Amino acid sequence: MAWTNNPVNFIKEIEKDLCDRQKKIAIDALRGVIEASPVDSGAFKGNHRLSINTEDHGFDPNISDKAGSSALSKGLSVLAQLVPYSTVYIQNNAPYGPTLEYGGYSNPVKKGSWVKGKGFVIKSADGYSKQAPLGIYGVTFTLIKEKYK
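Notes on the structure follow. (Residues numbered from 1 in each chain as written. Predicted model: local features only at pLDDT ≥ 70, side-chain atom pairs only at ≥ 80, totals over all residues. Heavy atoms only, no water.)

Quick word on the overall build of the protein
- What the protein contains, in helices and strands, is 5 helices and 6 strands.
- Along the protein, helices (α) and strands (β) appear in the sequence α-α-β-α-β-α-β-β-β-β-α when read from the amino end.
- What you see for the protein is a C-alpha radius of gyration of 20 Å, clearly larger than the 15 Å of a compact globule of 149 residues, by over 25%.
- Once local pairs closer than 6 in sequence are excluded, the contacts in the protein between residues at least 24 apart make up 67%.
- Carbon together with sulfur atoms contributes 57% to the accessible area of the protein, which is approximately 9800 Å² in total. (Helix = DSSP H or I, 4+ residues; strand = E, 2+ residues; numbered from the N terminus. Rg over C-alpha atoms; globule rule 2.2 N^0.38 Å. Contact = heavy atoms within 4.5 Å. Areas by Shrake-Rupley, 256 points an atom, 1.4 Å probe, with all protein chains shown as cover.)

A closer look at the side chain of His 48
- Take His 48: it is sitting in strand β1 (residues 48-52).
- In terms of polar contacts, His 48 uses its side chain to reach the side chain of Asn 92, at 3.4 Å.
- Here the side chain of His 48 touches Tyr 137 through a polar contact of 2.8 Å, side chain to side chain. (Polar contact = N/O pair within 3.5 Å; in protein donor to acceptor, adjacent residues only side chain to side chain.)

A look at unusual backbone geometry
- Residues Asn 107 and Pro 108 are joined by a peptide bond in cis, for which omega reads 5°.
- The residue Pro 108 is located in the loop between α4 (97-102) and β3 (113-115) in this model.
- For Asn 53, which is not a glycine, the phi torsion comes out positive at approximately 65°.
- Along the chain, Asn 53 falls in the loop between β1 and α3 (69-79).
- With a phi angle near 55°, Asp 126 is a residue other than glycine that sits in the positive phi range.
- Its place among the elements puts Asp 126 in the loop between β5 (124-125) and β6 (128-129).

Everything listed here is a matter of geometry and, on its own, says nothing about what the molecule does.
See the structure below:
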């Protein structure tokens with residue numbers, strides 16, 4: 001019995017499907033961490049980084065991306081380069097990222113954070129960010145895992 005389709009074409013189709021699925025998951029994951037991120041200056045939200053096959057250890061404290069749209073756009077641009085069998089990394093290298101993810105703020109809060117026009121504002125409770133009390137990456141990972149069982 002002979003092949004009616006060249007197996008090479010089948011492999012290419014499978015690899016395209018694999019990339020499409022991986023892109024979809026990566027987009028959902030990047031969007032998830034951006035949406036779950038607390039917002040103060042916008043630096044944390046704007047420093048989510050998507051990279052392929054190598055970690056991106058960069059951090060720019062001068063970024064102000066309160067909506068996260070620039071971080072998402074940059075990630076989608078990188079993701080357009082995805083090829084089969086690649087590893088996608090999504091990370092944030094903000095020095096305060098681990099505290100946002102796992103807690104560790106002073107409890108009770110001593111003074112709070114200075115907000116121009118408002119004075120000191122308490123942005124944490126029980127050692128966790130009030131905007132992201134369960135973290136960012138762990139919550140997003142759980143949602144992605146459930147969605148793509």
